[in-house]
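Working through the structure, step by step
Spelled out, the chains give:
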Amino acid sequence: MIAAVPNFGIALPEIILTGLTLILLMVGTFGKERSMGLVSALSVLSCAITIVLVLLTDGARATGFENLFVVDHFASFMKILVLIGSALAIVMSGGYLQREKLQRPEFPVLILLATVGMMLMISANDIISLYVGLELQSLALYVLAAFHRDTIRSAEAGLKYFVLGALASGVLLYGATLVYGFTGTTSFDKLATLHPVEGVQTVGLLIGMALVASGLIFKVSAVPFHMWTPDVYEGAPTPVTAMFAVAPKIAAMALLVRLMMGAFGPLVHQWQEIILVISVLSMLLGGYAAIVQRNVKRLMAYSSIANVGYILLGLAAGTERGVESVLIYLAIYLFMTAGAFGVILAMRRDGHMVEQLSDLAGLSQTRPALALAMTIFMFSLGGIPPLAGFIGKLYVFKAALDAGNHAATAAVANSFYVAAGLGAAISVVSMFYYLWIIKIIYIDPPAAPLDRPAGAGLSGVVLVTALFTLLFAFAPVVGPIVGWADAAAQSLAR
Amino acid sequence: MAPWPILSIVTFLPLLGAALIMLLPQTQAGERNVRWTALWTSVITFIVSLFILVYFDPTNPGFQLIERADWIPGTGIIYQKGVDGISIWFVLVSTFLTPICIISAWQAIHNRVREFMIAMLVLETMMVGMFSALDIILLYVFFEGVLIPMFLIIGIWGGQRRVYAAFKFFLYTLLGSVLMLLAILAMYLQTGTTDLIVILHSPFSRELQIWMWLAYFASFAVKMPMWPVHTWLPDAHVEAPTAGSVILAAVLLKMGGYGFIRFSVQMLPDASAYFAPFMFSLSIVAIIYTSLVALVQTDMKKLIAYSSVAHMGFVTLGIFTLNQEGIDGAVFQMLSHAIVSGALFLCVGVVYDRLHTREIARYGGMARTMPRYALVFAVFMLASVGLPGTSGFIGEFLALIGAFQVNRWAAFLATTGIILGAAYMLVLYRRLFYGEITKDDVRAMPDLNWREMGFFAPLLALTLWMGIYPSSFKDLIDPSVAQIVAHQSHATGQSPRAAAIPAPLIHAVQVEASR
C-alpha cells in the first residue's frame, strides 16, 4: 500500500517555525555574540509569524501524519498561549543576558526549539508523537536551566531538572508500554473508543494510564511530583525561570487535558478522583509552603504549584465546562505570571540581580509604577476581583460545583463539593503571602533603590501584562477570550 | 426612567477621578491639586447621585433605573444595575460620606496623598458598585474588590499595629467571601443565570437553601460583623486612619446587612425562617456582650468600634424578625448608624489630630475649652444612645417592635442593650468633656475650625432630620420592605406577622420622635 502524501498543511505553523529556528541557529552560529540582538528580535518575530499562521490554519478538527497529529480549536488556543509565553520570555531576557555576559544566540534558539516541542505536544494525537514532542521540549529546557553554566546554582538546577525529568520521562514511557501492551494501540482516537472490560485488561490499562499521567504531572509540577520546582526555579537564570513558569506548564497541561479527556475519556470515573486528590494536595502544599519562603523565585515556584492545583480542579471535573475553565485559567495565568517575573527581572541593585523578598521593601516609594504592577499581579494571583485571577478561579469553582451536581454517585459529588470548599479556603491561605509581598512593597520602609532603567523590553512586558490583568474582567476583553475558550473546549469534547 | 445610565456614571465617575489624579504631575503644588481633584470628583459624584433620587419612583417597590449590558456572553453573566427603596440609600450614603472623608483627611494625611486619594476614590466606586449591582457575580466583584483599597488604607496610613490589623481585616473577610462565592456559583448553576432579579423569584430546595444560607452567613456575619466573628473590627478601626474608620463603619459594615436582606432573606426564605432563632441568639449576645466590653475600653476608637458591633446586633435582630417593622428598623438603623458612627469617628479624629492619642484618660474637661466640639459630640453621642429626636431612636425602636412580635424575651434582652449603650456613651462623654482640665496640652487645644464645622454640619443636620421626620426616608424603604416581607411569607407559607401590629403604633413612634 502506498502511503498517501501527508497533510502538511495542518502542521504548517510547526514546520515554518522549525525552519525559521534552524535559520536563526545558522545566523547565530556564524554571527556569534554580535548577532544576539538580531537573533532575539527575529525569534520574537518568528513567534509572531507562527501565531498568525496558527490563526490562519485554525479550523475544525483535522488529523494528519497517520493520525499522529491533530489540529482543532483547542490546539490553536493552547499554541497561541505557548507562543505568547515564549515570546514574552525572549523579550524579557534581553537585558539580563547582556548584563550577565551570557549573550549567546543559542538562548532564543533553544527557546524556539522548546516551543516547537510544546506545539507538537499540544497537537499530539498518539502516544508516540506525545513522547517526541515532550522530549524535544524537555531537552531544550534542560540546557536552558543550566545556561548560566559558570554558576553552581544554575548548573545544579540544570542537572537536577535533567535527572528528575529523565526519570519522569522513563515513568511515562513505561506507562505507555503498558497502555500499548494491554490495548494494542497508541492512538488517542482508538483509545478513546475503547470500552474496557472488567479484569486484567482494565487493571493494566489503569496502571499504564496512571504512569503516563504521572509523567505529565511532573511536567506541570503538581504534588507529589513537585519537588524539583522550587530548586530549579531558584537556580535557573531568572529569564529561564520566567520561561519555565509559563509556556511548558501550558503545553504540559494541554497534553494532560487532551490525554485525559480524549484517550482516557472512557476511564473518566477512574482518573477523576486521582486528579482531584492531586489538585487539592497541590493547593495545600503551594498555599502553606510558600508562606515561609524568603526568596521571591522560590515563592513563585510554590505559587505556581498552588495555581496548578486550581487548574487541575477544572480538569478533574472531566466535563466541557471543566476544560473551558482550564483554558481560561491558563490564559490568565500566562499573563499574570509572566508579568510577575517581569518585575522580578527588574530587581537589580548595583548591577546584580537580587531575589530576596526584603529587596522589594518600600518599592512603592522608589519605583511606584513597578510597585503598582507587582501589586496588581499579586492581588490577581490571589484571585481578588476585579482582577483577572478572579475570573479564572470563578470558572474553576464553577466547573467543580457543576461536576458535583452531575456526578454519578453521592460520594463523588461530595468529594467535588469538599474540594471546591477546600480550594476556596486555601485561596485565603495563599492570599496571606501575596499580601505579605504587597505589605513589603507598600508598608515597609524603602530599601536602597533598584537600578534603573529596567530596559524597554522588560518595561513593555510588565506594562502590557499589568494592563491585561487589570482590564481582563471588562467585557471587551473577557468576552472574546471566554467565547474562544468555549469553542476550544467544545472542539475537544466532540 | 433616567435618560442616562446614571448608576453606572455614579459608579465609575470616582474611578475617572482616580485616573486623573494618577496623571497629575508629581510636584509640590501637585499635592494640593491631588486633594482638590479628589474633592471635586467626590462632590460631583454626590451631586450626580442626587439625581437618582429625582428619577426614583417612590411608589414602585421593585428595582428601578435598571441598566443592562452584556458582560460575559453566552454564560448568563450580565452587567446589570438598579436600585430599590433599600439600596438607593446605601448608594447615597456612600457618595455622601466620601467627600466628607476626603475633607477630613485634608491635613491628617500628609504622606503619599496621591495614593490615599486614589484609594478613597476606588473605594467609592466599589461601594456604589456593590449596592447598585443587580447581578450576583457583579455584586461579588465589588463586594470583594472593596478589600483592596481598604487594605492599603489601613496598612499604609494606619497606626502602630496597622500591618496586623490590615491582614486580619483582609483575611477574615476574604474567608467569608470565598464561601459566599461558592454559594453564588451554586445559585448560578441552579438557575443558569446570575441575574439577581430572576434569582429573587427562583425557588431553591430547602436543603440547598440551608447550605447556601450558611455560606452567605459566613460572609455577611464577618462583614457585619456579628459576635463571635467581630474581632477584626476593633483592630481595624483602631489602626485605620480617621477617613478609613469612617468608611469602614459607615458603609462597609452595611454591606453585611444589605447582603443579609438581599441574599439570605429574599433569596433563601425557608432557610432564613429556619435560622431566625439562631440569628436572634447571636444578635442578643452581640448587643449585651459587646456593650459590656465597650464599657471597659480605654481607647476611644475601640469603644466606638464595640458599640458598632452592638448596634449591628439590632440590625441583624431586626432583619431576622422577617416582618415589616423589623426589617424597616434594620434598614433605618443601618442608615442612622452610618451617619452617627461615621460622625463619631470623625469626632475622635478631631482630637486625635491635635493630641495624637486616642486614650480616653488623656483628655478631660474639654467642654470648657472646646464648647463647639462638645456640642457636636453630644448630639452624636445621644444619637448613638438612641435618644428620641435623633436618628438612632427610630431604627432601634422599630427593630424592637419587630422583635417583640416574634419573641418577647429577645426584645426584652435587646432592650437592656440600649441601657448599656447609654451607660458606656455617657461615661465616655463624662470622661472626655467634664471634670477639671488637668493637662496643659488638652487646655491648649483649639476648638473646631471652619473646615471641621463644615463637615460636621451636614452630618448633624441629617441626624436630626432622620430623627425628627423619618418619613422622608421611610417612605422609600417601606414599599420595598413590604414586598420582601410579602414574598417571604408567601414562600414560607405563613401569614405575615406584621399584620399584628396596628398602624397607630407606628404613628405613635413618629409622634414620639418628633417631640
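**Digging into the overall build of chain B**
Scanning chain B from N- to C-terminus turns up 22 helices and two strands. Taken over C-alpha atoms, the radius of gyration comes to 22 Å for chain B, in line with the 24 Å a tight globule of 515 residues would show. Its C-alpha atoms give chain B principal-axis dimensions of about 65 × 55 × 40 Å. Counting only residues that meet the buried cut, chain B has 66% of its 515 residues in that class. Considering only contacts in chain B between residues 6 or more positions apart, those separated by 24 or more positions represent 83%. Surface summary for chain B: the accessible area is close to 17100 Å², and the carbon and sulfur share equals 66%. Within chain B, the 28 negative side-chain charges are centred at a point lying 8 Å from the centre of the 29 positive side-chain charges.

**Quick word on a nonpolar patch on the surface**
Residues and elements named next belong to chain A. Taken together, Leu12, Ile16, Leu38, Leu42, Leu45 and Ile49 make up a surface patch of nonpolar side chains, about 450 Å² in accessible area. Sorting the residues of the nonpolar patch by element identifies α1 (12-31) and α2 (36-57) as the ones contributing at least two each. Of all the elements, α2 adds the most residues to the nonpolar patch, at four residues. We classify Leu38 as partly exposed; its relative accessible area is 48%.

**Section: the state of the cysteines**
Taken as a whole and assessed by the stated rule, the structure comprises zero disulfides over all chains. Cys101 of chain B takes part in no disulfide bond, and the closest cysteine sulfur, belonging to Cys347 of chain B, lies 13 Å away.

**Regarding the environment of Glu325 of chain B**
Positionally, Glu325 of chain B belongs in helix α14 (residues 324-355). A distance of 3.0 Å separates the side chain of Glu325 of chain B from the side chain of Gln405 of chain B, its partner in a polar contact.

**Looking at unusual backbone geometry**
A cis geometry characterises the amide bond from Val223 of chain A onward to Pro224 of chain A, with omega recorded as 5°. Put simply, Trp227 of chain B and Pro228 of chain B share a cis peptide bond, and its omega is 5°. The phi angle at Phe65 of chain A is positive, at roughly 50°, despite the residue not being glycine. One can find Phe65 of chain A in the loop between β1 (62-64) and β2 (69-71).

**Here we look at the confidence of the model for chain B**
Residues and elements named next belong to chain B. With 95% of its residues at a pLDDT of 70 or more, chain B shows a mean pLDDT of 86. Considering each helix and strand of chain B separately, the mean pLDDT is smallest for helix α22 (residues 503-514), with a value of 49, and largest for helix α5 (residues 136-145), with 92. Counting interchain partners and residues more than four positions distant, the pLDDT-below-50 stretch residues 495-506 has 19 contacts. On the interface metric, ipTM, the complex scores 0.89, and its pTM is 0.91.

**Here we look at the packing of helix α13 (residues 320-345) of chain A against helix α18 (residues 456-471) of chain A**
All names here are of chain A. Where α13 meets α18, the axes come as close as 8 Å, and the angle between the chain directions of the two elements is 140°. One finds that α13 runs oblique with respect to α18. Handedness of the crossing formed by α13 with α18: left-handed. Of α18, the residues touching α13 (which contributes Ala331, Phe335, Met336, Ala338, Gly339, Gly342, Val343 and Leu345) are Leu458, Val462, Thr465, Phe468 and Thr469.

**Quick notes on the packing of aromatic side chains**
If you walk through the whole model with that rule in mind, you get 59 aromatic pairs over all chains. Arranged with centres 5.1 Å apart and planes meeting at 55°, the rings of Tyr161 of chain A and Phe244 of chain A form a pair that is tilted. With Tyr161 of chain A in helix α6 (residues 152-183) and Phe244 of chain A in helix α10 (residues 238-263), the pair connects residues that are 83 residues apart, well separated along the chain. Considered together, Tyr161 of chain A and Phe244 of chain A belong to a single accessibility category, that of buried residues. Judged by centre distance (6.3 Å) and plane angle (65°), the ring pair of Tyr233 of chain A and Phe341 of chain A falls under edge-to-face. Here the residue Tyr233 of chain A occupies a position in helix α9 (residues 228-235), and Phe341 of chain A occupies one in helix α13, the gap between them amounting to 108 residues. Site record: aromatic cluster; members linked through ring pairs are Phe143, Trp213, Tyr216, Phe217, Phe220, Phe260, Phe263, Tyr274, Phe275, Phe278 and Phe320 of chain B. For Lys393 of chain A, the ring lying beneath its charged end belongs to Tyr310 of chain A, and the centroid distance is 4.7 Å. One Lys or Arg, Lys439 of chain A, reaches over the ring of Trp436 of chain A and ends 4.1 Å from the middle of that ring.

**Considering the layout of surface pockets**
Of the pockets and cavities examined, the second largest pocket occupies roughly 680 Å³. Lining the second largest pocket are 19 residues, and of these Leu401 and Tyr417 of chain A together with Ala186, Leu208 and Trp211 of chain B sit closest to its centre. Elements represented by at least two residues in the lining of the second largest pocket include exactly α16 (388-405) and α17 (410-442) of chain A together with α7 (162-191) and α9 (206-223) of chain B. Residue composition of the lining of the second largest pocket, by class: 13 nonpolar, five polar and one charged.

**Here's the deal with α2 of chain A**
Residues three or four positions apart in an α-helix share a direction because the helix packs 3.6 residues into each turn. Residues and elements named next belong to chain A. Compared with an ideal rise of 1.5 Å per residue, which puts 22 residues at 32 Å, α2 spans 31 Å between its outermost C-alpha atoms and is within 8% of the ideal. Listing the buried residues of α2 in full gives Met36, Val39, Ser40, Ser43, Ser46, Cys47, Thr50, Ile51, Leu53 and Val54. Buried residues of α2, seen end-on, are gathered within an arc of 165° and therefore sit on one face of the element. For α2, the elements touching its buried residues are α1, α3 (73-99) and α4 (106-123).

**Some points on the environment of Leu138 of chain B**
Residue and element names in this part refer to chain B. Inspection of the secondary structure assignment puts Leu138 in helix α5. Residue Leu138 is classed as buried on the basis of its relative accessible area, which comes to 5%. In contact with Leu138, not counting residues within four places along its chain, are Trp71, Tyr79, Gln80, Lys81 and Ala133.

**Re the interface of chain A and chain B**
Between chain A and chain B, the residue contacts involve 38 residues of the former and 34 residues of the latter. The three residues of chain A that bury the most area against chain B are Val428, Leu435 and Ile443 of chain A, which together make up 18% of that side's buried surface. Taken together, the links from chain A to chain B amount to zero salt bridges. In this assembly, chain A and chain B are joined by three residue pairs in polar contact (both at pLDDT 80 or more).

**Focus on the pattern of salt bridges**
Residue and element names in this part refer to chain B. With the rule as written, the count across this model stands at 25 salt bridges over all chains. For Asp195, the salt bridge goes to Arg68, with nearest N and O atoms at 3.0 Å. Here Asp195 is found in the loop between α7 and α8 (196-200), whereas its partner Arg68 is found in strand β1 (residues 64-72), with 127 residues between them in sequence. Residue class for Asp195 comes out buried when judged on its relative accessible area of 6%.

**Concerning the side chain of Ser283 of chain B**
Residues and elements named next belong to chain B. Following the sequence through the fold, Ser283 ends up in helix α12 (residues 269-295). The exposure class of Ser283 is buried, given its relative accessible area of 0%. At 2.6 Å, the side chain of Ser283 and the backbone oxygen of Met279 are in polar contact. What Ser283 contacts, discounting residues up to four positions off in sequence, is Met226, Gly313, Thr316 and Leu317.

**As for helix α15 (residues 368-381) of chain A**
Residues and elements named next belong to chain A. The end-to-end C-alpha distance of α15 is 20 Å, a good match for the 20 Å that 14 residues give at a rise of 1.5 Å each. In terms of burial, α15 is a largely internal element, eleven of the 14 residues being buried. Gly383 occupies a position one or two residues after α15 and carries a positive phi of about 80°.

Rules used throughout
- Residues numbered from 1 in each chain as written.
- Chains lettered and ligands numbered in written order.
- Predicted model: local features only at pLDDT ≥ 70, side-chain atom pairs only at ≥ 80, totals over all residues.
- Heavy atoms only, no water.
- Helix = DSSP H or I, 4+ residues; strand = E, 2+ residues; numbered from the N terminus.
- Rg over C-alpha atoms; globule rule 2.2 N^0.38 Å.
- Buried < 20%, exposed > 50% of the residue type's maximum accessible area, 1.4 Å probe, protein only.
- Contact = heavy atoms within 4.5 Å.
- Areas by Shrake-Rupley, 256 points an atom, 1.4 Å probe, with all protein chains shown as cover.
- Lys, Arg positive; Asp, Glu negative; His and termini not counted.
- Charge placed at Lys NZ, Arg CZ, Asp CG, Glu CD.
- Patch = residues over 30% accessible without salt bridge, like charges linked within 9 Å, V, L, I, M, F, W, Y side chains within 5 Å.
- Salt bridge = Lys/Arg side-chain N within 4 Å of Asp/Glu carboxyl O.
- Disulfide = S-S within 2.5 Å.
- Polar contact = N/O pair within 3.5 Å; in protein donor to acceptor, adjacent residues only side chain to side chain.
- pLDDT = per-residue confidence, 0-100.
- Axes fitted to C-alpha atoms, helices over the stretch in contact; angles between N-to-C directions.
- Parallel < 35°, antiparallel > 145°, perpendicular 65-115°, else oblique.
- Left-handed = near helix turned anticlockwise from the far one by under 90°.
- Phe/Tyr/Trp six-rings, centres within 6.5 Å; stacked < 30°, edge-to-face > 60°.
- Lys NZ or Arg CZ within 6 Å of the ring centre and 35° of its normal.
- 1 Å grid on protein atoms, 1.4 Å probe; cavity = no way out; pocket = protein on both sides within 12 Å on 5 of 7 lines; lining within 4 Å.
- Points joined across faces, edges and corners; volume = space filled by probe spheres on them.
- Nonpolar A, V, L, I, M, F, W, Y, C, P; charged D, E, K, R; others polar.
- Expected span 1.5 Å × (residues − 1).
- Arc of directions from axis to C-beta.
- Buried area = accessible area lost by both parts, 1.4 Å probe.

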